[in-house]
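Here is what each chain is made of, one letter per residue.
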Amino acid sequence: MAAVGAIVFIHKLPGALSPYLLDAISAPKMWNTLYIKTFDHVGSFSIGLFTGYLVAKHKEKLNFGRVVTTLIWLGSLTCVLAVMCGLWAYRRGDMKMESSTAILYAMLNRNVYALFLAWFVIACVTGKAGFIPDILSWKAFIPAYRLSFLAYFLHLIVVYYHVGIMRTNMYLSHEENIINYFGYLAITYILAYFCYIFFQVPYMYIESLILQKDITDIDETSTEDAEKDDKCKFSDSNNLSQTTKSLKHHMQILSLNPIKDNHMLNGMQNGQEKL
């Protein structure tokens, strides 16, 4: 976050990569110095990893009460709406964002949005999201879910190709953006489908064969080890039982010897008295 704020301050960049905040100079500068850099996204990435760890390891501790859940929902919705609608005043392109506002927005916007998604996931997992988990669990979303990872990698290629073949300026309007969005979405998922069939599925099949072989080897090894352990335990138990029997026998001998000695002593004393 500090690195993001420092770069925005040094290069005098706007707070977001938004068309109505950029010009021909600031747009490529912000893209090359900030947007494509790892440190600009490491905060949201870390929040996602930590959320996954909490859900996997400490799910039972995330069941908050009704009051706490309501407060978290209100706070998260307020923050995410502030991030999403915070640039509304700059939509006409005639306002310039102040340096302090740009630094604050650039440092916090992705992390705040990631925190909202983290709470959204936790709420769905713990049953605090109402009917939303039922909608997201709809079976029609399964194909999109399986193709979403490839679509994430391919969508920029589609966008770059479209921008590269343009020979006129793009008119930014709601209708134009909606048409472009659905065009990008359809082409991206078509490409993702073919990549899934020809690349990901064969790789997953090979991986399953390798992992299945490894699991089989591990199972066979563990079975052999278990049999050896059973044999060792059986032999140890036999040795233990034999040792126990021998100890009991020796104890009986040791316990009888004093009695025999006493009888012998008594007999010797009686014989001496008779003499």
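As the structure is a prediction and not an experimental result, all values here were calculated from the model.

What counts, and where the lines are drawn
- Residues numbered from 1 in each chain as written.
- Predicted model: local features only at pLDDT ≥ 70, side-chain atom pairs only at ≥ 80, totals over all residues.
- Heavy atoms only, no water.
- Helix = DSSP H or I, 4+ residues; strand = E, 2+ residues; numbered from the N terminus.
- Buried < 20%, exposed > 50% of the residue type's maximum accessible area, 1.4 Å probe, protein only.
- Contact = heavy atoms within 4.5 Å.
- Areas by Shrake-Rupley, 256 points an atom, 1.4 Å probe, with all protein chains shown as cover.
- Axes fitted to C-alpha atoms, helices over the stretch in contact; angles between N-to-C directions.
- Left-handed = near helix turned anticlockwise from the far one by under 90°.
- Nonpolar A, V, L, I, M, F, W, Y, C, P; charged D, E, K, R; others polar.
- UniProt positions renumbered as here; feature names shortened; annotations may be inferred.
- Patch = residues over 30% accessible without salt bridge, like charges linked within 9 Å, V, L, I, M, F, W, Y side chains within 5 Å.
- Salt bridge = Lys/Arg side-chain N within 4 Å of Asp/Glu carboxyl O.

Caption draft 1: Representation of the overall build of the chain within the structure. Along the chain, the regular secondary structure elements total eight helices and zero strands. Put simply, the chain runs from its N terminus to its C terminus through helices and strands in the order α-α-α-α-α-α-α-α. Evaluated residue by residue, the chain yields a buried proportion of 20% over its 275 residues. Considering only contacts in the chain between residues 6 or more positions apart, those separated by 24 or more positions represent 70%. Of the roughly 21100 Å² of accessible surface on the chain, a fraction of 67% belongs to carbon and sulfur atoms.

Caption draft 2: Focus on the packing of helix H1 (residues 2–11) against helix H5 (residues 99–125). The N-to-C vectors of H1 and H5 enclose an angle of 145 degrees; their axes lie 8 Å apart at closest approach. Seen along the crossing, H1 lies across H5 with a hand that is right-handed. Here Ala2, Val4, Gly5, Val8 and Phe9 of H1 come into contact with H5, specifically with Ser99, Ala102, Ile103, Ala106 and Met107. In terms of residue class, the contact of H1 with H5 is built from eight nonpolar, two polar and no charged.

Caption draft 3: Structural context of the UniProt feature "transmembrane region" (unreviewed entry) in the chain. Sites flagged by UniProt as "transmembrane region" (unreviewed entry) map to residues 39–56, 68–90, 110–132, 144–163 and 178–199. Between the first and last C-alpha atoms of residues 110–132 the distance is 23 Å; the span itself is 74% helix and 0% strand. Taken end to end, residues 178–199 is 100% helix and 0% strand, and its first and last C-alpha atoms sit 31 Å apart.

Caption draft 4: Representation of a nonpolar patch on the surface in the model. Side chains of Ile190, Tyr193, Phe194, Ile197, Phe198, Phe199 and Val201 sit close together on the surface and give an oily, nonpolar patch of about 720 Å² of accessible area. Its location among the elements puts Val201 in helix H8 (residues 174–274). With a relative accessible area of 33%, Val201 lands in the partly exposed category.

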